[in-house]
Amino acid sequence: MLLCAAFVLAASPLHAQRAIEGATPHPAVPLPPGGYVTRDEFVDFAIIDFPAAAQARNEDPELLRVEGGHSRLEYTIDGTEVATLRLYRTYLQHLQGQDFEILFSGFGDELHDRRPVDFLARTDFAAQPSTGGDIGYILARSADELQVVAVAFYDRQRNRRIMVNAVDIEELETLDLLTPEPAPEPAPEPEPEPVAEAAPEQVAQSAQDLETGLVADGRVVVQAILFAFDSDEILPDSAAALATVAGLLQDRPGLTLLVVGHTDGVGSFDYNLRLSLARARAVVDWLANRHGIDRDRLQPAGAGPMAPVTTNRTEEGRALNRRVELVEVVR
């Protein structure tokens, strides 16, 4: 029975001194169980000649030449208990399952008419293979034809070895030797913390306080909803006040509200009208997203500077005029 193709990717701690620390297997060719990486090399562009057919004595080998980024890795499995043939057929099955086209594969006598080890003798696709062990070889190409992978199986120092050579096929881009490198851009300045608009002293309200105002006047100002200066960004200190509004709506499932934003009179009328509506929408989004309130029960509206509660001639008055009101919708 073949080994499962879902290989274990971690090297045993016993191999830590021989394994290359931090090396990772090639994505197309995972480590076998108990295996670890003993060679890990990469060059950003190379021309590689892959053996592409069985070789006959005294004849030039058939080669597949490709160009691109070249990775070379060697995997090691201690000992010889796992048969080289089992490894060879497992990886053949794995690559086929990953939709790689097998361009050539062979094991033992299928590779060379005299000595299988001579199949790899003139390549760097095996690091000093022994003459007595079995040799296996797979050449495969990805379905998009952008990657070629060769996997060689051999023995060295009484251990099983797997050599992976992979090329990501690409055209060579030459270096620009004349254009100086641009100076590094300065690090961006940290964004300042949002500053709250000036507000009158806030009094904590309960859900009962809000309901009393709605029953008595049909509307109520929600204290302690704070926005960043000249923005619709709700500041974190507003969370408690908005939680109180959510609690009121949860206690009274039949209640429907207008959420009305108000601004002071500084600035153009159109700008303040847009800002007040944006702030009302921000409150509705907060209640819906963070407290699960049905949006059909909340209608945002912007009154801009049209309904001041006091004069806009003083900072204290302007602070009172910047507010969020809840208006009961009676149906």
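Residues numbered from 1 in each chain as written. Predicted model: local features only at pLDDT ≥ 70, side-chain atom pairs only at ≥ 80, totals over all residues. Heavy atoms only, no water.

Student: Lay out the pairing of strand S6 (residues 159–169) in plain terms, naming residues and giving numbers.
Tutor: Look at any regular strand and the pattern is simple: side chains alternate between the two faces of the sheet. By the criterion of burial, S6 is predominantly enclosed, with nine of the 11 residues buried. Looking at chain direction, strand S2 (residues 63–77) and S6 are connected through 10 bridges and run antiparallel. Within the sheet, the bridge partner assigned to threonine 76 lies in S6 and is arginine 161. In this sheet, S6 lies alongside strand S5 (residues 147–156) in antiparallel orientation, the contact comprising 10 bridges. Pairing of alanine 152 across the sheet is with methionine 163, part of S6. Hairpin connection, S5 to S6: the antiparallel pair is bridged by two residues, and glutamine 157 has positive phi, about 55°. (Buried < 20%, exposed > 50% of the residue type's maximum accessible area, 1.4 Å probe, protein only. Helix = DSSP H or I, 4+ residues; strand = E, 2+ residues; numbered from the N terminus. Pairing = 2+ DSSP bridges.)

Student: So what's going on with the environment of histidine 26? Which residues, and what values?
Tutor: Its place among the elements puts histidine 26 in the segment before strand S1 (36–51). Residue classification places histidine 26 among the buried residues on the basis of a relative accessible area of 8%. Note: C-alpha distance between histidine 26 and serine 276 (250 residues apart in sequence) is 57 Å. When near neighbours in sequence (up to four residues on either side) are disregarded, histidine 26 contacts Ser71, Leu73, Tyr75, Gln147, Val164 and Ala166. Within the structure, the side chain of histidine 26 is placed 3.1 Å from the backbone nitrogen of alanine 28, a separation counted as a polar contact. (Contact = heavy atoms within 4.5 Å. Polar contact = N/O pair within 3.5 Å; in protein donor to acceptor, adjacent residues only side chain to side chain.)

Student: I'd like to hear about the packing of aromatic side chains, residue by residue, with values.
Tutor: All chains considered together, the criterion is met by seven aromatic pairs. Residues tyrosine 88 and phenylalanine 107 carry aromatic rings whose centres are separated by 5.4 Å and whose planes lie at 40° to one another, so their mutual orientation is tilted. Note that tyrosine 88 is positioned in helix H1 (residues 84–97) and phenylalanine 107 in strand S3 (residues 101–107), a separation of 19 residues in sequence. Comparing tyrosine 88 with phenylalanine 107 shows no difference in burial state: the two are buried. Their ring planes at 90° and their centres at 6.0 Å tell us that tyrosine 88 and phenylalanine 153 sit as a pair that is edge-to-face. You can see tyrosine 88 sitting in helix H1 and its partner phenylalanine 153 sitting in strand S5, a full 65 residues away along the chain. The exposure classification of tyrosine 88 matches that of phenylalanine 153, with both residues buried. A cation over a ring is seen here: arginine 290 above tryptophan 286, with NZ or CZ 3.8 Å from the ring centre. (Phe/Tyr/Trp six-rings, centres within 6.5 Å; stacked < 30°, edge-to-face > 60°. Lys NZ or Arg CZ within 6 Å of the ring centre and 35° of its normal.)

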